[in-house]
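For reference, the chains in residue letters:
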Amino acid sequence: MVSVIGIFRQLVIPSPTAAMMFLFKVEEVLEISGRGCVIVPAVSEETDFKIKPRDAIQLRTPEGRTVDTHIGSVEFLKPALGACHMAILLPPDVLKEDVPKGTDVWLAQSQ
């Protein structure tokens, strides 16, 4: 049986020729049972970028490790009062321990 996740990861890992654009630093990391690792970006209301599921990203930890992966889904959390917040679900193979607070998230852009 062929692993769909393995094939999918081959399609979304940034290539060596991809340009990278800094998106944000990770402010919070959560593990949601049945969903996986969720990162909450530290962004201001003036921040302007567009992302979507399956976009290739690179996680650069404060310790210097890099993880090439992709966005699983993007969720927007709007409390009754206050600003809207974004949460990004990562693929199942990325664990909470892989993404410490302060990790930089870079978007791979094809050239």
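Anything mentioned here points back to the structure above.
Criteria and thresholds
Residues numbered from 1 in each chain as written. Predicted model: local features only at pLDDT ≥ 70, side-chain atom pairs only at ≥ 80, totals over all residues. Heavy atoms only, no water. Pairing = 2+ DSSP bridges. Helix = DSSP H or I, 4+ residues; strand = E, 2+ residues; numbered from the N terminus. Axes fitted to C-alpha atoms, helices over the stretch in contact; angles between N-to-C directions. Core = buried A, V, L, I, M, F, W, Y, C linked by side-chain atoms within 4.5 Å. Buried < 20%, exposed > 50% of the residue type's maximum accessible area, 1.4 Å probe, protein only. Contact = heavy atoms within 4.5 Å. Salt bridge = Lys/Arg side-chain N within 4 Å of Asp/Glu carboxyl O.

Novice: Before we move on, can you summarise the sheet that holds strand β2 (residues 36-42) with the specific residues and values?
Specialist: With respect to topology, 7 strands assemble into an open sheet ordered β4-β3-β7-β1-β2-β6-β5, the strand pairing being antiparallel. Edge positions in the open sheet fall to β4 (66-70) and β5 (73-77), since each of these has one partner strand only. Within this sheet the neighbouring strands show an average axis-to-axis angle of 35°, counted without direction. Note: strand β3 (residues 56-60) against strand β7 (residues 104-109), 4 bridges, orientation antiparallel. Opposite Ile57, over in β7, you have Leu107 as the bridge partner.

Novice: Break down the nonpolar core for me, citing the residues and quoting the values.
Specialist: Membership of the largest hydrophobic core comes to 20 residues, with the highest contact counts inside it found for Ile39, Leu90 and Val99. Elements with a minimum of two residues in this core: β1 (19-32), β2, β3, β6 (85-89) and β7. Ranked by residues supplied to this core, first place goes to β1 with 4 residues. Beyond its immediate chain neighbours, meaning those up to four positions away, Val99 contacts Val26, Val29, Cys37, Ile39, Leu59, Leu90 and Val94.

Novice: Could you give an account of the pattern of salt bridges, with specific residues and numbers?
Specialist: Applying the stated rule across the entire model yields 4 salt bridges. The salt bridge involving Glu28 is made with Lys101; its shortest N-O contact spans 3.5 Å. Pair noted here: Glu28 is in strand β1 and Lys101 is in the loop between β6 and β7, with a separation of 73 residues, a long-range link.

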